[in-house]
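Results of the structural survey
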Amino acid sequence: MITLSVNGQEHSYDGDPSLPLLWFLRDEAGLPGTKFGCGEALCGACTVHVNGEAVRSCAVQMSDAAGKTVVTIEGLDPHGNHPVQRAWRAVNVPQCGFCQAGQIMQAAALLKQTPNPTDEQIHTAMAGNICRCGCYQRIEAAVRTAATGV
Amino acid sequence: MTHIDKSDPASVVENVSRRAWLKGVVASGSLIVAASALPRGAMAAWKTGADAMPHGTVSDPHVFVAIDKDGIVTIVAHRSEMGTGSKTSLPMVVADEMSADWSRCRVVQAPGDEVKYGNQDTDGSRSLRHFVQPMRQCGAAARLMLEMAAAKRLGVDVSEVEAINHEVVHRHSGRSFGFGELAADAAALPTPAPDQIRLKDPNSFRYIGTGSVPIVDLFGITTGTATYGADVRLPGMKYAVILRPPVLGSKVKSVDGSAAMKIRGVEKVMEVKGWDWPAKFQPLGGVAVIARNTGIAIKGRDALKVVWTESPHAVYDSDTFREEMLATSRKPGKTVRNEGDIDAAMKSAARVVSAEYYVPQFAHAPMEPPVATAWVHDGMAEVWAPVQSPGGTHDDLCKTLGLAYDKVKVNVTLLGGAFGRKSKCDFALEAALLSQALNAPVRVQWTREDDIQHDFYHAPAVERIEAALDGSNKVIGWRHRNVAPTLFSTFMPDPKYQQPLEYSMGQVDLPFEIANIRCEVGEAAAHSRIGWFRSVRNVPNTFATQCFVAELAHELGRDPKEMLLELIGAPRIVDPRKTTVDLWNYGDPFETYPIDTGRVRGVVELVAEKAGWGRNLPAGHGMGIAVQRCFLSYVATVVEVAVDDKGKISVPRVDTAIDCGFFVNPERIVSQIEGAAIMGLTVAKHSAVTFKNGVAQQGNFNDYPVVRIDEAPRVTNVHIVQNGWDVPSSGVGEPATAPFAPAFCNAIFAATQKRIRSLPVGDQISL
Ligand code: FES
Ligand code: FES
């Protein structure tokens, strides 16, 4: 039996320990905000925080998540008002919106580590997150907005 | 306040119908449009092709608008939301016309039911173009009904009252009633006759044209609570993935699922039915693995051993196919436009310039891979899916499952991108067939590999253009041959040639002033499923024609923009209908949407001015320009590239000008065009799916790269041509993808003197 904390709640899992955390979150824990885009750590749609760091949940096995603290988009802020979320809304970032949970989780982790990132730091940190709709110009603007406060 | 927009689609429908005062709004299974419905197409200021689409348009407020007693207005969005913003923009049109306060409006997504809502096929950049008028009529009719209810209550003539900001005011006395107070009385009224309805003066719009309204799902998207295709979970639901035949036309010969069944959590391995090709949007078939969750199902699928039958499409090899298309393009093809005498022009030419271009096959790769949930039980089917055509999906489900119209319900979730892929509902049919077989709710998830290897692809194309020049270097002849497998191969056996719908997207509709023009298409077979991708055939056709103009300019030592304007010629209407075999005008009347070279010139001149065409650039930089009339809009792009000493290309700046007629939501037009620059750059730089022995060779974002933030254009500036209501609305979602690749490649030439004639650019210019 694997136990872990997700958004402040204890969860347990009794299945195949090689299961990627992504599918536990989506299909077993009922937290569909974290998205599946590639399954190979190539797109960032599944980004969550594990012990405070942004990771691709499709590339973390349940056995490695055991005992860890996981935060998903649903748990980033109790009212959905994390500065990054507010900035995303202020800049009207999303088109289809599918990549945005992963983008926001990645940006939140970046700003926690680097509160005032340079353009290059933004690019490096966000380059793992694909947006097929092409919202990059606004993503960059929103990260800057979040850094300076909305 | 009730958040009707965030819960699952089923409960939304329930919530709203409980609170609805206008009977019939979003009620499930209702098939009858109120008898008092406006005549279809009534009061249109301009005629569109909307009424020639299946089920045409509906503009009855009894179908689209509900108001509860607290004054909350619920407006139905009947088109699918895939990122263009139409789920916000069309209801906003209704709200503006009915003088509602947007902060007191809610939007609810309609299920698939074209009999009730009119056409729902969210494709072809049609949503605003075809529905801005019906939605204005709908809002205006609702406003009148509220005014009539208020007038009756006051015992005055309706002309003495006016709806303003969510209430109806009696001008003389100042007495007013909120929309909520009037709701029940207004609801009891029949829909007013068209000649009673007065549309607002466009100058009085509060939301239309301002770009001040954020998309309705913004909060849900940023908090992970918006519902996409894979986010619907039903009690007892099974999780499935399917191993599909690697070669089109193959079938399962034998399956060994024993290793898969040993994996903890795998519940079942079963063969699923596929259809013989061409099969429209029917599933490919294969072997399904059912498990306790999607991750385990994928692991189980990896352990399957399947032997497939032979298929004639195993001959498909992209390199060989390209050579074959090239050979075909060097021979006369089937003439689809013939103007003047091209043979005589070629014979008399002082010189002939020619070039061959190649655009490869590629996949849509929407961020959300195809996925659907279905529950077929007790002679009914309910599906939750991110489909572009909920009505078409509904019909295909009825046919496939043998169910009557009112026994099927298609709930439309948000679409995590689509770009044409989700016009094809094979994934929803798969889920329904599996649910039927398993007698349980089933979700079928496509992996990224499934998506890239079993797409309805953008077809590969070879384009050959020859221009005849006279002694004074004037272009007197233009021959354009276009060879590509047709998307109609998805619908009919061996159609061999591209059809009017395809060659009318950028080949025969050429807006150039040249005396002798011949357009031909060449024969090509399809060995994979061919579909349509954002901008469709405008992608290869614009690439060829607009790169060729820049090549001509270079040959003649001219400025590319001046050359382009010279070929476009004087402002006039170009009418290729007489010289073309069945010109397709995007399904809309030519009289409403002629080919207006004044507007073609207009966007070229606008974008050139805004981009600072001809300005001094740093070393290694170059600018390119391209224009296209695409989905009835006019769009021109200037791309600036910077190429470093290793041949690495970056894009410091993009400018795009669009003339899309009367527009509703400029903020979403800007976002579509910013996105089109990214998608255009991906097409130009990276996109190719290649086949060997009939099998797609790419599978994920490692070998099918897309542009990421670090290689995106540093800035994309969007310039929208201001138009009044007298200029018909035209497409926005697709057009700007088309001119990007040629503008980009022309810029590369300007920077490096290296001509790109074959996409993707990849590492062609790296040193
Ligand atoms: S789904 Fe995990 S990175 Fe793409
Ligand atoms: S908003 Fe659609 S993928 Fe990013």
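1. Considerations on the overall build of chain B
Scanning chain B from N- to C-terminus turns up 20 helices and 28 strands. Across the 767 residues in chain B, those meeting the buried criterion constitute 65%. Accessible surface computed for chain B: about 25,500 Å², of which carbon and sulfur atoms make up 51%. Considering chain B, the positive charge centre built from 82 side chains and the negative charge centre built from 86 side chains are found 3 Å apart.

2. With respect to unusual backbone geometry
Cis geometry marks the peptide bond from B:Trp277 to B:Pro278, where omega comes out at -5 degrees. The topology assignment puts B:Pro278 in the loop between β9 (266-272) and β10 (286-291). The peptide bond linking B:Leu759 to B:Pro760 adopts the cis configuration, its omega dihedral lying at -5 degrees. Residue placement: B:Pro760 occurs in the segment after α20 (740-752). A positive phi angle, near 55 degrees, is found at A:Asn92, a position not held by glycine. With respect to the secondary-structure elements, A:Asn92 resides in the loop between α3 (83-90) and α4 (100-113). Phi at B:His55 takes a positive value of approximately 70 degrees, unusual for a residue other than glycine.

3. Side note on the domain arrangement of chain B
Residue and element names in this part refer to chain B. Domains assigned within chain B are domain 1 (9-223), domain 2 (231-310 + 370-445) and domain 3 (318-362 + 456-752). On a C-alpha basis, the centroid separation for the pair domain 1 and domain 2 is 36 Å. At the interface, 21 residues of domain 1 touch 21 residues of domain 2. Roughly 1,600 Å² of surface becomes buried between domain 1 and domain 2 when both sides are summed, with 60% attributable to carbon and sulfur atoms. Our count for the contact surface shared by domain 1 and domain 2 stands at 0 salt bridges. Our count for the contact surface shared by domain 1 and domain 2 stands at 8 residue pairs in polar contact (both at pLDDT 80 or more). Residue assignment for the side of domain 1 that touches domain 2 shows that the elements contributing at least two residues are α1 (9-19) and α4 (114-117). A per-element tally of the side of domain 1 that touches domain 2 places α1 first, with 3 residues. When its residues are assigned to classes, the side of domain 1 that touches domain 2 shows 8 nonpolar, 6 polar and 7 charged.

4. A closer look at the sheet that holds strand β3 (residues 47-50) of chain A
All names here are of chain A. Spatially, 5 strands are ordered β2-β1-β5-β3-β4 in an open sheet, and the strand pairing comes out mixed. Two strands in the sheet have a free side with no partner beyond their single neighbour: β2 (9-13) and β4 (53-56). Between one strand and the next, the sheet's axes are offset by a mean angle of 40 degrees, whatever the strand orientation. As judged from the 2 bridges shared by β3 and strand β5 (residues 69-71), these two strands associate in the antiparallel manner.

5. Quick look at the nonpolar core
Residues A:Ile139 and B:Phe744 are the most contacted members of the largest nonpolar core, which totals 138 residues. Considering each element in turn, this core owes the most residues, 9 residues, to helix α16 (residues 538-556) of chain B. Ignoring any residue separated from it by four or fewer positions in sequence, one finds B:Phe744 in contact with B:Val639, B:Val641, B:Ile649, B:Val651, B:Leu681, B:Ala684, B:Lys685 and B:Val761. The next biggest cluster of nonpolar side chains, apart from the first, holds 94 residues, and it includes B:Val93, B:Val132, B:Phe205 and B:Phe427.

Reading guide: rules and limits
Residues numbered from 1 in each chain as written. Chains lettered and ligands numbered in written order. Predicted model: local features only at pLDDT ≥ 70, side-chain atom pairs only at ≥ 80, totals over all residues. Heavy atoms only, no water. Helix = DSSP H or I, 4+ residues; strand = E, 2+ residues; numbered from the N terminus. Buried < 20%, exposed > 50% of the residue type's maximum accessible area, 1.4 Å probe, protein only. Areas by Shrake-Rupley, 256 points an atom, 1.4 Å probe, with all protein chains shown as cover. Lys, Arg positive; Asp, Glu negative; His and termini not counted. Charge placed at Lys NZ, Arg CZ, Asp CG, Glu CD. Domains from an automatic or database assignment. Contact = heavy atoms within 4.5 Å. Buried area = accessible area lost by both parts, 1.4 Å probe. Salt bridge = Lys/Arg side-chain N within 4 Å of Asp/Glu carboxyl O. Polar contact = N/O pair within 3.5 Å; in protein donor to acceptor, adjacent residues only side chain to side chain. Nonpolar A, V, L, I, M, F, W, Y, C, P; charged D, E, K, R; others polar. Pairing = 2+ DSSP bridges. Axes fitted to C-alpha atoms, helices over the stretch in contact; angles between N-to-C directions. Core = buried A, V, L, I, M, F, W, Y, C linked by side-chain atoms within 4.5 Å.

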